[in-house]
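# A look at the structure
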Amino acid sequence: GLAAIVGALDNLDLRPMLGRITCPTLVIGGDADLTFPVAQTRDLAARIAGARLVVIPGGSHGLVLEHAQAVAEQIAGLVDEVERSHAGAQA
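This report concerns the structure included in the present document.

Scoring rules and cut-offs
- Residues numbered from 1 in each chain as written.
- Predicted model: local features only at pLDDT ≥ 70, side-chain atom pairs only at ≥ 80, totals over all residues.
- Heavy atoms only, no water.
- Salt bridge = Lys/Arg side-chain N within 4 Å of Asp/Glu carboxyl O.
- Helix = DSSP H or I, 4+ residues; strand = E, 2+ residues; numbered from the N terminus.
- Buried < 20%, exposed > 50% of the residue type's maximum accessible area, 1.4 Å probe, protein only.
- Contact = heavy atoms within 4.5 Å.
- Pairing = 2+ DSSP bridges.
- Right-handed = clockwise from strand over helix to strand, strands pointing away.
- Core = buried A, V, L, I, M, F, W, Y, C linked by side-chain atoms within 4.5 Å.
- 1 Å grid on protein atoms, 1.4 Å probe; cavity = no way out; pocket = protein on both sides within 12 Å on 5 of 7 lines; lining within 4 Å.
- Points joined across faces, edges and corners; volume = space filled by probe spheres on them.
- Nonpolar A, V, L, I, M, F, W, Y, C, P; charged D, E, K, R; others polar.

### Here we look at the pattern of salt bridges
With the rule as written, the count across this model stands at 3 salt bridges. In this structure, Arg 52 engages Glu 81 in a salt bridge whose closest nitrogen and oxygen atoms are separated by 2.6 Å. Within this pair, whereas Arg 52 is found in strand E2 (residues 52-56), its partner Glu 81 is found in helix H4 (residues 68-90), the two being separated by 29 residues in sequence.

### Remarks on the environment of Ile 75
Within the secondary structure, Ile 75 is located in helix H4. Under the relative-accessibility criterion, Ile 75 is labelled partly exposed at 45%. The spatial distance from the C-alpha of Ile 75 to the C-alpha of Cys 23 is 14 Å, given a sequence separation of 52 residues. With near-sequence residues (within four places) excluded, Ile 75 lies in contact with Leu 26 and Ile 28.

### What to know about the pairing of E2
With 5 bridges joining them, strand E1 (residues 26-30) and E2 adopt parallel strand pairing. Within E2, the residue paired with Ile 28 across the bridge is Val 54. The handedness of the E1 to E2 crossover, carried by helix H2 (residues 38-46), is right-handed.

### Here's the deal with the nonpolar core
Counting 6 residues, the largest nonpolar core consists of Leu 26, Val 54, Ile 56, Leu 63, Val 71 and Leu 78. Mapped onto this core, the elements with two or more residues apiece are E2 and H4. Discounting residues that sit within four places of it in the chain, Leu 78 has contacts with Pro 24, Thr 25, Leu 26 and Arg 52.

### Examining the side chain of Thr 41
Along the polypeptide, Thr 41 turns up in helix H2. Residue classification places Thr 41 among the buried residues on the basis of a relative accessible area of 3%.

### Concerning the layout of surface pockets
Its boundaries defined by the atoms lining it, the largest pocket holds a volume of some 400 Å³. Lining the largest pocket are Leu 12, Asp 13, Leu 14, Arg 15, Leu 18, Thr 35, Phe 36, Gln 40, Asp 43 and Leu 44. Quantified by volume, the second largest pocket comes out at close to 180 Å³. Together, 13 residues line the second largest pocket, and Ile 28, Gly 29, Asp 33, His 61 and Leu 63 are the ones closest to its centre. Breaking the lining of the second largest pocket down by element, the ones donating at least two residues are E1, H2 and helix H3 (63-66). Of the residues contributing to the lining of the second largest pocket, the split by class is 7 nonpolar, 5 polar and 1 charged.

The values are spatial; any link to function lies outside them.
Given below as C-alpha cells:
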C-alpha cells in the first residue's frame with residue numbers, strides 16, 4: 001500500500017497551484033534534508049506570495065522530531081503574528 005501511495009505522489013505536481021494560497025504561510029525546512037533539499041524548500045516558499053521561509057541548521061527530513069522546539073517556536077510566532085494582525089484589523 002505504501003509503495004502505491006508513494007508512486008502516486010511521485011507523479012503529483014501541485015506547484016502550479018501554490019500561487020492560489022493567500023493565507024499567512026510558513027515554510028520550514030532543514031539544511032540537512034536530503035529528501036526535500038533547501039533548494040526545493042526555497043522554491044516552495046517563493047511560489048507562495050508572502051510566505052516566510054525558515055531553514056533550521058542541522059535539520060533533516062525528521063525535522064519536527066529532531067528540532068521540535070525550534071519548529072514549535074516558529075509556528076507559535078506565526079500564530080501570534082496572525083492573531084495580532086487579526087486583532088488590529090478588528091479594532
